[in-house]
Number of protein chains: 2
Amino acid sequence: MEHRNHALCQLTASLRGQDEEKLRQVLELLFFAYRDFTGEADAVLADFGFGRAHHRAIYFIGRNPNISVSDLLGILKITKQSLSRVLTQLIDEGYVRQETDSTDRRRRLLLLSDKGVALERQLTARQCRRVIGAFENAGIDSVSGFRAILRAIIDPEDRHRVGRREAGPQVSETRRLVG
Amino acid sequence: MEHRNHALCQLTASLRGQDEEKLRQVLELLFFAYRDFTGEADAVLADFGFGRAHHRAIYFIGRNPNISVSDLLGILKITKQSLSRVLTQLIDEGYVRQETDSTDRRRRLLLLSDKGVALERQLTARQCRRVIGAFENAGIDSVSGFRAILRAIIDPEDRHRVGRREAGPQVSETRRLVG
DNA sequence: AAAATAAGGCAGTATTATTGACTTATATGC
DNA sequence: GCATATAAGTCAATAATACTGCCTTATTTT
């Protein structure tokens, strides 16, 4: 065990009791949990001929109705071309609608159709079921710590993307910066 | 907000106070946290001409020295062909060594070379640094809940893969079933 | 000797992603 | 009004990761 600790010992020195073994277990928990968390939705998506990229697009369009393409790119952090293929499919098959922004006619605002809402809900319900099961299994007391650490793992400049909502109408990010 | 709750209300009924908004925030925390957690290692891997699949193979070989190919497949849950390409590259470039199991000469036992250990450590150190930072940021009190819920998200039949180690020599899973 | 297992290979395909260059439409600043 | 910037979309080429199905070889087990 000693021979493993060279590169990591400085890191772990800052946290008493957090030895390499425990840290590695956390890396593994993240790997397996995320794999199983997404795997369930992947199975549903396959029935529709879609993949995980479609899911992400559907999810964030549903979550941010009237989002613009560039704002969606900002959330997903993929290239325009990657999103384009996915979005074209979703629009062609009637899951997503596009409308021109009346105040800036360059922008295309994205919305889920009824069909899209139904699919989004099906996917989200599955994932929520797993999360709720985990909350019940581990105990509700664990939830706040779970959320706090997940949030802290996220790059600081993206933490605002999850949070204190309950808010009013969705406004474009770029708009928000301007006024 | 009301129109969104049909599919999920039965689910949430089982947890008082866990409304759809909070559940969705958890889904999003998982998405962003995992993206940033893996993104850092991805950047290092790109310098070596490798991808995330190489990382997973290196990680679990490092973690389970002398693991057999089929046991590694059991952990990664990918097809033999998918692993094969990655493994061939890693062996050709000298990050992974293969040795024939002396007790069952059909099996190839996988080991990291010194080069492989160095790369594994570099990748793991980055991810640990992020996790430690999150622990410090969110507070150590949050850690046990974080771990408990991640574990509970994992499919029950795979939870044994992360855990109470500190154990003795690695033994093949299939062997373990037999003896 | 027959059957099962472990590993590996081959061919073909799909999905998700990348980069770079380019067009069109629209908006904004001077 | 003209120049510039922005939003969106598109084309072509490429790469990584994954899949299915089928087959071979070596070795072990029954």
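What you see is a predicted model, and the numbers here were worked out from it, not measured in a lab. (Residues numbered from 1 in each chain as written. Chains lettered and ligands numbered in written order. Predicted model: local features only at pLDDT ≥ 70, side-chain atom pairs only at ≥ 80, totals over all residues. Heavy atoms only, no water.)

Q: How do you make sense of the overall build of chain A when you look at a structure like this?
A: Assigned secondary structure in chain A consists of eight helices and three strands. Secondary structure of chain A in N-to-C order comes out as α-α-α-β-α-α-β-β-α-α-α. Sorting the 179 residues of chain A into buried and exposed places 50% on the buried side. Expressed as a percentage of contacts within chain A between residues at least 6 apart in sequence, the contacts between residues at least 24 apart total 51%. Carbon together with sulfur atoms contributes 51% to the accessible area of chain A, which is approximately 9,000 Å² in total. (Helix = DSSP H or I, 4+ residues; strand = E, 2+ residues; numbered from the N terminus. Buried < 20%, exposed > 50% of the residue type's maximum accessible area, 1.4 Å probe, protein only. Contact = heavy atoms within 4.5 Å. Areas by Shrake-Rupley, 256 points an atom, 1.4 Å probe, with all protein chains shown as cover.)

Q: Would you mind showing me how to read the protein's contact with DNA strand D here?
A: What surrounds DNA strand D is a group of 22 residues, the closest being S70, K80 and Q98 of chain A together with G51 and R56 of chain B. Taking all atoms of DNA strand D within 4 Å of the protein, the share assigned to sugar and phosphate is 59%. The separation between a phosphate oxygen of DNA strand D and a polar main-chain atom of V69 of chain A is 3.1 Å. Residue S70 of chain A places a main-chain N or O atom 2.6 Å away from a phosphate oxygen belonging to DNA strand D. (Near = heavy atom within 4 Å. Polar contact = N/O pair within 3.5 Å; in protein donor to acceptor, adjacent residues only side chain to side chain.)

Q: Please clarify how the protein's contact with DNA strand C should be interpreted in this entry.
A: G51, R56 and S82 of chain A together with Q81 and Q98 of chain B are the nearest of the 24 residues found near DNA strand C. Each atom of DNA strand C within 4 Å of the protein was assigned to sugar, phosphate or base; sugar and phosphate come to 60%. R106 of chain B places a polar side-chain atom, nitrogen or oxygen, 2.7 Å from a base oxygen of DNA strand C. When contributions to the surface near DNA strand C are tallied by element, the ones reaching two or more residues are helix 3 (52–63) and helix 5 (80–92) of chain A together with helix 4 (69–76) and helix 5 (80–92) of chain B.

Q: Quick question: what am I supposed to make of the interface of chain A and chain B here?
A: Where the parts come together, the accessible area they lose is often given as the size of the interface. Counting residues at the interface gives 72 residues for chain A, matched by 73 residues for chain B. Overall, the association of chain A and chain B removes approximately 7,700 Å² of surface from exposure, summing both partners, and the carbon and sulfur fraction of that is 68%. Put simply, chain A and chain B have 10 salt bridges between them. With a shortest N-O distance of 2.8 Å, R24 of chain A and E120 of chain B are connected by a salt bridge. For the side of chain A that touches chain B, the secondary-structure elements that each account for two or more residues are helix 1 (6–13), helix 2 (20–48), helix 3, helix 4 (69–76), helix 6 (114–138) and helix 7 (143–153) of chain A. (Buried area = accessible area lost by both parts, 1.4 Å probe. Salt bridge = Lys/Arg side-chain N within 4 Å of Asp/Glu carboxyl O.)

Q: Is there a simple way to think about the packing of helix 3 of chain A against helix 6 of chain A in this case?
A: What describes two packed helices is the angle between their axes and the distance between those same axes. Residue and element names in this part refer to chain A. Orientation of helix 3 relative to helix 6, taken along the N-to-C sense of each, is 105°, at an axis distance of 10 Å. With respect to their mutual orientation, helix 3 and helix 6 come out roughly perpendicular. Contacts from H55, I58 and Y59 of helix 3 reach helix 6 at G116, L119, E120, L123, T124 and Q127. Residues belonging to the contact of helix 3 with helix 6 are distributed by class as follows: four nonpolar, four polar and one charged. (Axes fitted to C-alpha atoms, helices over the stretch in contact; angles between N-to-C directions. Parallel < 35°, antiparallel > 145°, perpendicular 65-115°, else oblique. Nonpolar A, V, L, I, M, F, W, Y, C, P; charged D, E, K, R; others polar.)

Q: Please explain the packing of helix 7 of chain A against helix 7 (residues 143–153) of chain B as it appears in this structure.
A: Between helix 7 of chain A and helix 7 of chain B, the least distance of the axes is 7 Å, while the angle of their chain directions is 90°. Taken together, the axes of helix 7 of chain A and helix 7 of chain B lie roughly perpendicular to each other. Here V143, G145, F146, I149, L150 and I153 of chain A of helix 7 of chain A come into contact with helix 7 of chain B, specifically with V143, G145, F146, I149, L150 and I153 of chain B. A breakdown of the residues in the contact of helix 7 of chain A with helix 7 of chain B according to their chemical character gives 10 nonpolar, two polar and no charged.

Q: Can you walk me through helix 3 of chain A in this structure?
A: Residues spaced three or four apart along an α-helix point in a common direction, a consequence of the helix completing one turn every 3.6 residues. Residues and elements named next belong to chain A. With 12 residues, helix 3 extends 16 Å from end C-alpha to end C-alpha; this agrees with the ideal 16 Å at 1.5 Å per step. Among the 12 residues of helix 3, nine are classified as buried, and the element is accordingly described as predominantly covered. Residues of helix 3 that are buried include every one of H54, H55, A57, I58, Y59, F60, I61, G62 and R63, and no others. (Expected span 1.5 Å × (residues − 1).)

Q: Help me out: how do you make sense of the sheet that holds strand 3 (residues 108–112) of chain B in this one?
A: Strand pairing within a sheet occurs via backbone hydrogen bonds; the two strands may be parallel or antiparallel. Residues and elements named next belong to chain B. The three strands lie next to each other as 1-3-2, forming an open sheet whose pairing is antiparallel. Each edge of the open sheet carries a strand with a single partner, namely strand 1 (67–68) and strand 2 (96–100). Here helix 3 (residues 52–63) sits on the sheet and contacts strand 1, strand 2 and strand 3; the angle it forms with strand 3, its principal contact strand, is near 100°. (Pairing = 2+ DSSP bridges.)

Q: I keep staring at the nonpolar core and nothing clicks. Help me out?
A: The tendency in soluble globular proteins is for nonpolar side chains to be buried side by side. In this structure, F146 of chain A together with F146 of chain B are the most contacted members of the largest nonpolar core, which totals 94 residues. Those residues within four positions of F146 of chain B in sequence are excluded, and the remaining contacts are V26, L30, S142, G145, F146, I149, L150 and I153 of chain A together with F135 of chain B. (Core = buried A, V, L, I, M, F, W, Y, C linked by side-chain atoms within 4.5 Å.)

Q: Hey, could you run me through the pattern of salt bridges in this one?
A: Side-chain pairs of opposite charge can arise whenever the charged atoms involved come near each other. Under the defined criterion, the tally for this structure stands at 28 salt bridges over all chains. Residues R63 of chain A and E28 of chain B are paired through a salt bridge, measuring 2.4 Å at the closest nitrogen-oxygen approach. Within this pair, whereas R63 of chain A is found in helix 3, its partner E28 of chain B is found in helix 2 (residues 20–48), the two belonging to separate chains. The buried category is assigned to E28 of chain B, whose relative accessible area is 1%. The partner of R161 of chain A in a salt bridge is D158 of chain A, and the shortest N-O contact between them spans 2.9 Å. Residue R161 of chain A shares its accessibility class with D158 of chain A, and that shared class is buried.

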